Each structure stands twice: as structure tokens, then as C-alpha cells.
Amino acid sequence: MADTGADAEAQDQLFELRNADGMKVTISERGAALVAWKAPDRYGRQADVVLGYAEHEAYRDNQVYLGAIIGRWANRIAAGRFELDGQPVQTVVNDRGNHLHGGPQGFHMLRWEGVADDDGVSLRLVSPAGDAGFPGQLEVCVRYQLDDRGALRIDYQAISDAATPISLTAHPYFNLNGGIADVGDHMLQIDADEYMATDASGIPLARASVSGTAFDFRRPAAIGARLCWPDQQLQLAQGFDHCFCLRGSADGRASPLREVARVVDPGSGRCLQVATTEPGLQFYSGNNLDGVRGYAARPYTRHDGFCLEAGSFPDQLNSPQAAAAILRPGQVYRQTTIYRLSLQ
């Protein structure tokens, strides 16, 4: 069931999705963001399992992308440059000389137009040609649905009037203990044999095997313990901020919807399962949360939340898989990612 309410100060509609078990999800028109997800623990105690701002106005300057939909291009493009049909394209740069997450005025900052119905909420956005340097006018629709099994389904569609790159993702920060501690005790599992090692600015250098490294989450491992490993990649990023190459996705193209990750918080018993059609999954351990003021009385600190962002590979536009990330007139971009909350 979906309800709407108006935030008079920010002038953004908020939409509340509920299921039969009392779970509540709140979506904002600002950044099409997931701003709250209240769910019970094993003792029936409700808590918000995503990080968010205390004042909705703060989503207008969402520098750490709390809960937002990211576009046109999620993740990084080296120097903001790539070639499209033999022509050079220069996008805005906003992260150590690279393009990141659509630039400083990306989709996460914009007001989407939302409409609720009995099954969920749909949010639409038109990105004009030249937006952040990208060609073509892009029309995007993102739809959220919450079912009685605790699955929050996010369906994306987009069309363009000219060839343009596209990689959309959702950027919720999860903390399954409801914020009473950081996410160090969370047990993470990712269905990937390889990850992308990066340089100091987060640009991929090469695919690397996870075997024998801090990045081997093929079996569940505690996030906090892995953050302590003496790994140069972790030192460069000050934690995890790396794309995992999901099984069956070597060419960078979408795959059938399948479960790719699972996280369990032993204390609360909450379990998060992630399913997606996408080839890559960026695991980010909240390395830059220091000082961000959210729901809690104290500001957030490093590793107070984690992200699992499904999308194309970072800098895919400068790789042999570039063609898989180009949307052309007459085509429809589609993606589905599902976050499901349950109890152990």
C-alpha cells in the first residue's frame, strides 16, 4: 500500500510503502531516494535500517548520496572522458579528476516527479541533452514496490533520443542493527570470484581474483574483521570501495535476475539479500561518513553503514565492454535490483 504526504519546506513529496508485516519504506521525490526503511528485529523491535538525514531539506545537498538514485553514470569515468562512435566526449569531473555518480548535480540532487498507486510508486525524470556533458535527452522512470515477503523491488527504464551511456544504481546505506553500532559485525557474502583492483583515485586497473585476499566474500565474513586486513587496496580506499564482478557477467552486459549478495547482522537477526540483473556490485563500507549528520544525536562516523550498488562496471566506457553500456534511440534501458529484508 502506498500513501503520499507533502513536505512543505522542501516541496518534495514523500511516499510511504507498507506491507502486511508492518514494514514501512519511505521514498522521496528528491533524488528518488530511499529515505527510511523500518523493519522489526528478531524480538519484534522496529528500527530504521537505512541511514538518512534528520531534516529532509538536507537531501537537496546530498554530498554522500544517502539513499539516492544515481545517474546518468553510476561510479567513475577516468578523467570524465570516453569515445562514443569515434567522437570524444568530456563529462564533468568531481572526484580526484574523474567523473563520479553523474557529477555534482547528478540525479541524486534533482527533484523527480512521483506518482503512487496501489502497488508502489513511480518516479520520472528528464535529463536534457548535454546534462553533465552527456549526449542525448534521457527520459528515466524508476519504480519501487514492497511485497509482503519484505522485498523492495526497484525497476529502472530509460530511453534516449541519441546514443548515450547509462548506468543507474541505488545508493542506500544499510545498517541492519538500526544504528546502535557500526556494521563491523555484519556478515557479508558476495557471489563473485573477481573484483576490480583500483588506483588511488578509484579507477580500475585490472580484474583480480578474490582468492586469498580481503575481498573473498564467497563465504560469509565479518566486514569489520576484513577492514583490518593489511591490504594495499583497502589502504588506498580507506576501506572497501570496489566493484565485484558478479558471476556470469564477463562481457559487462545485463544477466537474468539472480541473487548476488547476502548480509546478516547476528545481533538483530536481520538478513538482507540482494538480487540484480547487473554485471557489477560495488561494495562500499561507508568510508566517508565522518561528520555527516543523520537521524542519530551524534554525527555518523566511518563504517556506520554499507552500500551494495548494482550497475555497470566502473570506467566500463574506456574498456572493451563499452558497447554494452550504450543506450541508442529505439532501445529501452532496463534494470531490476531487489533488496529483501527477512529474519534469521
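Just above sits the structure.
Residues numbered from 1 in each chain as written. Predicted model: local features only at pLDDT ≥ 70, side-chain atom pairs only at ≥ 80, totals over all residues. Heavy atoms only, no water.

A.B. asks: Go over the sheet that holds strand β20 (residues 221-222) with me, naming the residues and quoting the values.
C.D. replies: Taken together, the nine strands give an open sheet; going across it, the order is β11-β12-β13-β14-β27-β23-β22-β17-β20, and neighbouring strands pair in antiparallel fashion. Both edges of this open sheet fall to β11 (113-116) and β20, since each of them pairs with a single strand only. As defined by bridge partners, strand β13 (residues 138-146) adjoins strand β14 (residues 151-160) across nine bridges and the pair is classed as antiparallel. The residue of β14 that forms the bridge with Leu138 is Ser160. (Pairing = 2+ DSSP bridges. Helix = DSSP H or I, 4+ residues; strand = E, 2+ residues; numbered from the N terminus.)

A.B. asks: Describe in detail the sheet that holds strand β19 (residues 204-209), supporting the description with residues and values.
C.D. replies: Read from one edge of the open sheet, five strands run β19-β18-β21-β24-β25, paired in antiparallel fashion. With partners counted over all chains shown, the strands left at the sheet margins are β19 and β25 (307-311), one partner each. Here the average twist between neighbouring strands, direction ignored, is 30°. For strand β18 (residues 192-198) and strand β21 (residues 241-246), the ladder comprises three bridges, and the chain directions are antiparallel. When the bridges of β21 are listed, Glu194 appears paired with Cys245. (Axes fitted to C-alpha atoms, helices over the stretch in contact; angles between N-to-C directions.)

A.B. asks: Any chance you could break down the pattern of salt bridges for me, citing the residues and the numbers?
C.D. replies: By the definition in use, this model includes 17 salt bridges. Measuring nitrogen to oxygen at the nearest pair gives 3.1 Å for the salt bridge that ties Arg30 to Asp12. Taken together, the positions of Arg30 in the loop between β3 (24-28) and β4 (34-40) and Asp12 in strand β2 (residues 12-18) put the pair 18 residues apart, joining distant regions of the chain. An identical accessibility class is assigned to Arg30 and Asp12; each is buried. The residue Glu29 makes a salt bridge to Arg111 at a minimum N-O spacing of 3.1 Å. (Salt bridge = Lys/Arg side-chain N within 4 Å of Asp/Glu carboxyl O. Buried < 20%, exposed > 50% of the residue type's maximum accessible area, 1.4 Å probe, protein only.)

A.B. asks: Go over empty space enclosed by the protein with me, naming the residues and quoting the values.
C.D. replies: Under the counting rule described, the total for this entry stands at two cavities of 30 Å³ or more. Estimates place the volume of the largest cavity at around 70 Å³. Forming the walls of the largest cavity are 13 residues, and the residues nearest its centre are Asn75, Gln282, Glu309, Gly311 and Ser312. Broken down by secondary-structure element, the contributors of at least two residues to the lining of the largest cavity are β24 (280-284) and β25. (1 Å grid on protein atoms, 1.4 Å probe; cavity = no way out; pocket = protein on both sides within 12 Å on 5 of 7 lines; lining within 4 Å. Points joined across faces, edges and corners; volume = space filled by probe spheres on them.)

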